[in-house]
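What follows is each chain in one-letter form.
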Amino acid sequence: MNTLTPNDYLLLLAVPLIPLLGYVVQIFFGRNLPRKGDWMLLGGMFIVMCITVYMFFAHAMGHVGPLPFWNESAMTPDGPVFRWLYNTSDVPGDQNLIAGILYDGLAAAMLMVVGVVSFLVHLFSSGYMAGDKRYHIFFANISLFTFAMLGLILSDNILFLFVFWELMGFMSYLLIGHFAQDPDSPRIKHAAAACKKAFLTTRVGDTCLFFGMAMFYFLLPREYNDLLAQGAIEGERVISSFRFVDLWTMGGQIVEANNGEYPFWMSVAGLFTFGGTVGKSAQFPLHIWLPDAMEGPTPVSAMIHAATMVAAGVFLLGRMFPMMSPEVLQIVIAVGAFTALFAATIGCTVNDIKGVLAYSTISQLGFMVAAIGTGGLGIVAGLFHMVTHAFFKACLFLSAGSVIHGCHHEQDMQKMGGLRKKMPITFMCMLICTLAIAGMPLFAGYYSKDRIIASVIDSTLTQWRGANVFALVALPLAAMLTTFYMFRLIFLTFFGEPRDQHIHDHAHESPIPMTAALIGLASLGMFGGHFWLAGDPLSNNGTWFTNLVQWQTMYVTSRGGSLDLTSMNMIAVTEHTAHTGHVWAVGVSLSVLALGFFAALWIYGLKKLDPARITSKLGLVYEAVRDKYYVDEAVNASVIRGTMGLAKGQKWIDENVIDGTVLGVGRLGRGLGTLCAWIDKNIVDGAVNWVGNTTQALGSVARLMQTGRIQQYVSFAVGGALLLAAFHILT
Amino acid sequence: MGVEAYMGVAGVLFVLGIVCIISRRNILYVLMGIEMILNAANINFVAINRFGNGGLEGRMFAIFVIILAAAEAAIALAIVLNVFHLFQSIRPSDADMLRD
Amino acid sequence: MSILHQQRAFYGLLTLAILTSVGYGLVSHGAEGMAFGFFSSFTIAGSLMCIWERSVVRSAFSLMATFMGVAGLFLLLGSDFLAMAQILIYVGGILALILFGVMLTPPDLGERSLPRIGGTLVLVLGGASLVWKHVMDATESLAVLPVEELTPMTSQDQSVGLAFLHPEQYVVAFELAAFLLTVALVAAVYIARRRTADFEPEEAA
């Protein structure tokens, strides 16, 4: 047991505030600072990284087992809460807004990951973006984005999570559209379209999240108090709250009172909340924004669209897991597994180096979502994958950025090749991270991906349900395709003969800040899964993350103790199935790794098989995959055309029905008006004119007093007041 | 010094404010006169509060009067400028469109 | 009498009045009386100068004496916070606004009419002094304490600040005042902006 001191909370508070301060200074003075202010933000991010790593080692590591950092004693009046509206604890919570810091194992791990990755991305950007016209704006924006992400991780209530969530969406819009502000950029139109698309598509998910949040806020306390009145549960009346701990507590007790059944509205609310994840974490069908978001600068892609922002959806799912009913979890598994497989197939056909990584990101996010859906070990596995994925995907993106930078902004893999000798550091880093994403043992991705597959096997063995079985088939397939397309990328880019001699001749290794960031991230991709490990490096038990985050103790309640997920929405996993699942998972993940690698080696490495022959054999299937399964076209045809059609229909109704009615009413009115006009002229006017003439005659007398001069009026007022006073005194 | 002394000063200041408004032929003097009148009222508020129950009410009133005076001065200046644009004069007697 | 003589006589009389009231206060009430005499005569002298002076700028500056004097009276009444606010807002803010008004409008020298000022002064002062007795009678009926029973004065700023922020006291009024100031400033900018478009048709016609 380890409690945080007030000083620790001040440090944690400083974590999001340093980038915010940096943003404010940078946006006003950045243009005039030396080096356009990047040193300031870099230094700030370095401090943030140091704090997060310090907090992590001081409070999270070395504590095998439960880590309930949050406790009531920490929330006492001077504790780490901020009360908006009234700064006293006397005012009841439903009239006040209380925000605080929730620093548990998950937040500790995620905070450290974001701190480290953000610093390295800042470092990389200082090299990659050098010479950009809006260099200082870029740094300001990415700093504010970091602030939002850090705040999201630390917030202890879903309202603040939503606020930071929206801020991230907006910063994502600005950063994707970075080149849209530069009139000289050749891709200005694409960037403008991409940022709009990302913003609008995620908005769909955000709206869903808002509905889900509102439902939990309003309906959860009502249901709880009803059950309390019936005597079904014990406790005190509660008031609405946004805080996670209160949500978990109330949800757990409601489900407990219902004998493990979730009320129907909780399924609906959970589905809405999952909608937020679908939007932010780019799950099918809202994934379409992420590939387009690659129009942004590469550091942005690395940070936002690989490491942090898209992980926010998975983070939300992890936080809200106890509120998801088993039915919702089935949908979660199905969507995640489908996305994983679906995006992996597209990734095999893309030629743009960043496009491959974009689809790979979508696919890996599918893995995480599906894993969390299986519950229990799966939550830990999914969140663990989120962490390791942040390391190696950031590194992959930055390596791709380094390649693009070295090749003078050429992104087509078909024109690269043989860059191994020219860019050795980039090559090594990318190779390490490719091995990590493919799930090579001893590399970071192995530990998390292995656990995901194990948890899917476990849940299928325990419960033979449609979504589980689908995930059992889809995830290993997707893992195989992952290995395939990642090695395809490596072979096309770094091996073989140069396909474009001009590009090859001018290719060069990137400057030191960029390679330093690459090396840092690559070492994390190598050791990030099992460093500080306890015991056998090949064993999946006892990695740092699984020690830190344990599903049994993740969800603490305000009544003390933690939620018993097995009696709620989770499938009970027995020792036997867990063991079976683990053994099988190692076999499956190693065999798909080997299959994918040899396929890539056979086709792209040794060139024993011409890819063109395969594609011509596949015919229509290949075209469908290459064209991203026509999802964009489907959205165009259904949503956009539908909206336009609806608008046209409404216009027709407006023009014919409503206007017709209005015209009819108007004609009727005109007829009546003619009648009235006659009466008016002959009868009413006579009377009115007489009154008017009389009034005018009277008015012309009174007018003599009205000079329009203000001072005279004031004199009258003073004189009147004195007269009144005199009258009052005399009588 | 009793409350009468303060009320006496306030009364004289009030009268001088009214004289300032009425007697000068420049619209800015109207502004200054209003400020004097508000100040006279403030002196009364604070004096009666001091010699009364000793609470805070009168002082708070005075603070809100000061706030109001600040808002009024800003608006009044804008009106003065507008009057000047409209009539090309700052004599209050020239701004007599109200007559019509 | 020339203008110079008028001026000398006026200021001489004012100085004499200030000295007299300070002296009288000292004799009758000691140090407090002296301070009261000084501040009150300062206040009234400032406003008299404001009415008297030919130039608007001088009038505006003499108004500063009035504001300072009122601030001194507040101090005597134990309202240190209010005195500071008075100096900050009136001298620092409102006076500056009036000076801007002076700068943005043309000078209008020679508009002072002493008979008019004197007449108004005599009339209004006469009328008011008729009312004075009655006002004092009304004050008697208020719960006014004699000087001897007053509690000693302490600094007010903290209690004023707490009263502003206390939910059961003035917090709503305080927020409303902030809102009012914002609206007033925006409105002032809106009113004062030049609307050339409104004037052009008239000029064309």
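Keep in mind that what you see is a predicted model, and the values were worked out from it rather than measured. (Residues numbered from 1 in each chain as written. Chains lettered and ligands numbered in written order. Predicted model: local features only at pLDDT ≥ 70, side-chain atom pairs only at ≥ 80, totals over all residues. Heavy atoms only, no water.)

Topic: the overall build of chain C
Thought 1: For chain C, the helix and strand inventory stands at 7 helices and 0 strands.
Thought 2: Helices and strands appear in chain C in the N-to-C order α-α-α-α-α-α-α.
Thought 3: By the burial criterion, 36% of the 205 residues in chain C qualify as buried.
Thought 4: Expressed as a percentage of contacts within chain C between residues at least 6 apart in sequence, the contacts between residues at least 24 apart total 59%.
Thought 5: Of the accessible surface of chain C, which amounts to about 12,100 Å², a share of 73% is contributed by carbon and sulfur atoms. (Helix = DSSP H or I, 4+ residues; strand = E, 2+ residues; numbered from the N terminus. Buried < 20%, exposed > 50% of the residue type's maximum accessible area, 1.4 Å probe, protein only. Contact = heavy atoms within 4.5 Å. Areas by Shrake-Rupley, 256 points an atom, 1.4 Å probe, with all protein chains shown as cover.)

Re the packing of helix H16 (residues 444-462) of chain A against helix H17 (residues 466-494) of chain A
Residue and element names in this part refer to chain A.
Thought 1: Following both chains from N to C, one finds H16 and H17 inclined at 160°, their axes separated by 8 Å at the closest point. Relative to H17, the element H16 is oriented roughly antiparallel. As H16 runs across H17, the sense of the crossing is left-handed. Contact with H16, carried on its side by Lys449, Ile452, Val456, Ile457, Ser459 and Thr460, involves Asn468, Val469, Ala471, Leu472, Leu475, Ala479 and Thr482 of H17 and no other residues of that element. (Axes fitted to C-alpha atoms, helices over the stretch in contact; angles between N-to-C directions. Parallel < 35°, antiparallel > 145°, perpendicular 65-115°, else oblique. Left-handed = near helix turned anticlockwise from the far one by under 90°.)

Points about the interface of chain B and chain C
Thought 1: At the junction of the two partners, chain B supplies 64 residues and chain C supplies 85 residues.
Thought 2: It is Met1(B), Arg24(B) and Arg50(B) that lose the most area in chain B upon contact with chain C, and together they represent 11% of the buried surface on that side.
Thought 3: Taken together, the connections running from chain B to chain C amount to 0 salt bridges.
Thought 4: At the junction of chain B with chain C, the criterion picks out 9 residue pairs in polar contact (both at pLDDT 80 or more).
Thought 5: Of all the elements in the fold, those that place two or more residues in the side of chain B that touches chain C are helix H1 (3-23), helix H2 (27-51) and helix H3 (57-87) of chain B.
Thought 6: Residue contributions to the side of chain B that touches chain C peak at 24 residues, all from H3(B).
Thought 7: Among the residues forming the side of chain B that touches chain C, the class breakdown is 47 nonpolar, 9 polar and 8 charged. (Buried area = accessible area lost by both parts, 1.4 Å probe. Salt bridge = Lys/Arg side-chain N within 4 Å of Asp/Glu carboxyl O. Polar contact = N/O pair within 3.5 Å; in protein donor to acceptor, adjacent residues only side chain to side chain. Nonpolar A, V, L, I, M, F, W, Y, C, P; charged D, E, K, R; others polar.)

Details of a nonpolar patch on the surface
Thought 1: There is a patch of nonpolar side chains on the surface, built from Leu675(A), Trp678(A), Ile679(A), Ile683(A), Val684(A) and Val688(A) and spanning about 600 Å² of accessible area.
Thought 2: By the secondary structure assignment, Val688(A) is in helix H24 (residues 631-702). (Patch = residues over 30% accessible without salt bridge, like charges linked within 9 Å, V, L, I, M, F, W, Y side chains within 5 Å.)

Section: the environment of Leu63(C)
Thought 1: For Leu63(C), the location among the structural elements is in helix H2 (residues 56-76).
Thought 2: Contacts of Leu63(C), omitting those with residues within four sequence positions, involve Met32(B), Met36(B), Cys50(C), Leu95(C) and Ile98(C).

Remarks on the interface of chain C and chain A
Thought 1: Each partner contributes residues to the interface: chain C has 8 residues there, and chain A has 7 residues.
Thought 2: Between chain C and chain A lies a buried interface of about 500 Å² when both sides are counted; carbon and sulfur atoms form 80% of it.
Thought 3: There are 0 salt bridges connecting chain C and chain A.
Thought 4: Linking chain C to chain A there are 0 residue pairs in polar contact (both at pLDDT 80 or more).
Thought 5: Partitioned by chemical class, the residues of the side of chain C that touches chain A number 5 nonpolar, 2 polar and 1 charged.

Quick notes on helix H6 (residues 188-230) of chain A
Helical periodicity: at 3.6 residues per turn, an α-helix aligns residues three or four positions apart in one direction.
Residues and elements named next belong to chain A.
Thought 1: The end-to-end C-alpha separation of H6 is 63 Å, in line with the 63 Å expected for 43 residues at 1.5 Å each.
Thought 2: A bend of about 30° at Leu219 is the largest found in H6, and the proline Pro221 appears one to four places after it.
Thought 3: Within two residues after H6, Gly231 carries a phi angle of roughly 80°, on the positive side. (Expected span 1.5 Å × (residues − 1). Bend = angle between axes of the 7 residues up to and from the residue.)

Overview of the confidence of the model for chain A
Thought 1: Summing up the model confidence of chain A, the mean pLDDT is 81 and the portion of residues at 70 or higher is 90%.
Thought 2: Here residues 64-79 of chain A scores under 50 on pLDDT; set against residues more than four positions off or in separate chains, the count is 39 contacts. (pLDDT = per-residue confidence, 0-100.)

Considerations on the pattern of salt bridges
Residues and elements named next belong to chain A.
Thought 1: For the structure on display, the rule yields 7 salt bridges over all chains.
Thought 2: Residue Lys197 pairs with Asp292 through a salt bridge whose shortest N-O separation is 3.1 Å. Of the two residues, Lys197 is situated in helix H6 and Asp292 in helix H9 (residues 289-292); the sequence distance between them amounts to 95 residues.
Thought 3: Residue classification places Lys197 among the partly exposed residues on the basis of a relative accessible area of 22%.
Thought 4: Given the relative accessible area of 27%, Asp292 is considered partly exposed.

Some remarks on the packing of aromatic side chains
Residues and elements named next belong to chain A.
Thought 1: Scanning the model with the defined rule gives 37 aromatic pairs over all chains in all.
Thought 2: Aromatic side chains Phe162 and Phe210 sit 5.5 Å apart centroid to centroid with 50° between the ring planes, which places their arrangement in the tilted category. Taken together, the residues span a long stretch of sequence, with Phe162 in helix H5 (residues 158-176) and Phe210 in helix H6 at a distance of 48 residues.
Thought 3: In this structure Phe210 comes out as partly exposed when scored by relative accessible area, which is 41%. (Phe/Tyr/Trp six-rings, centres within 6.5 Å; stacked < 30°, edge-to-face > 60°.)

Quick look at the packing of helix H3 (residues 105-128) of chain A against helix H14 (residues 377-406) of chain A
Packed helices, taken two at a time, are described by the angle their axes make and the gap between the axes.
Residue and element names in this part refer to chain A.
Thought 1: In the contact formed by H3 and H14, the axes pass within 10 Å of each other and the chain directions differ by 5°. Between H3 and H14, the angle is such that the two are roughly parallel. Across from Leu106, Met110, Val113, Val117, Val121, Phe124, Gly127 and Tyr128 in H3, the residues of H14 making contact are Leu383, Met386, Val387, Ala390, Phe391, Ala394, Leu398, Gly401, Ser402, Ile404 and His405.
Thought 2: Of the residues assigned to the contact of H3 with H14, the class counts are 15 nonpolar, 4 polar and no charged.

Considerations on the side chain of Thr482(A)
Residues and elements named next belong to chain A.
Thought 1: On the secondary structure map, Thr482 appears in helix H17.
Thought 2: Overall, the relative accessible area of 0% leaves Thr482 in the buried class.
Thought 3: A polar atom in the side chain of Thr482 sits 2.6 Å from the backbone oxygen of Ala478.
Thought 4: If we skip the residues at most four places from it in the chain, Thr482 touches Ser363, Gln364, Phe367, Ile437 and Lys449.

Some thoughts on unusual backbone geometry
All names here are of chain A.
Thought 1: Geometrically, the link from Phe284 to Pro285 is a cis peptide bond, its omega value of 5° lying close to zero.
Thought 2: Tracing the backbone through its elements, the reader meets Pro285 in the loop between helix H8 (264-280) and H9.
Thought 3: With phi around 55°, Ala282 is a residue other than glycine that occupies positive phi space.
Thought 4: Following the sequence through the fold, Ala282 ends up in the loop between H8 and H9.

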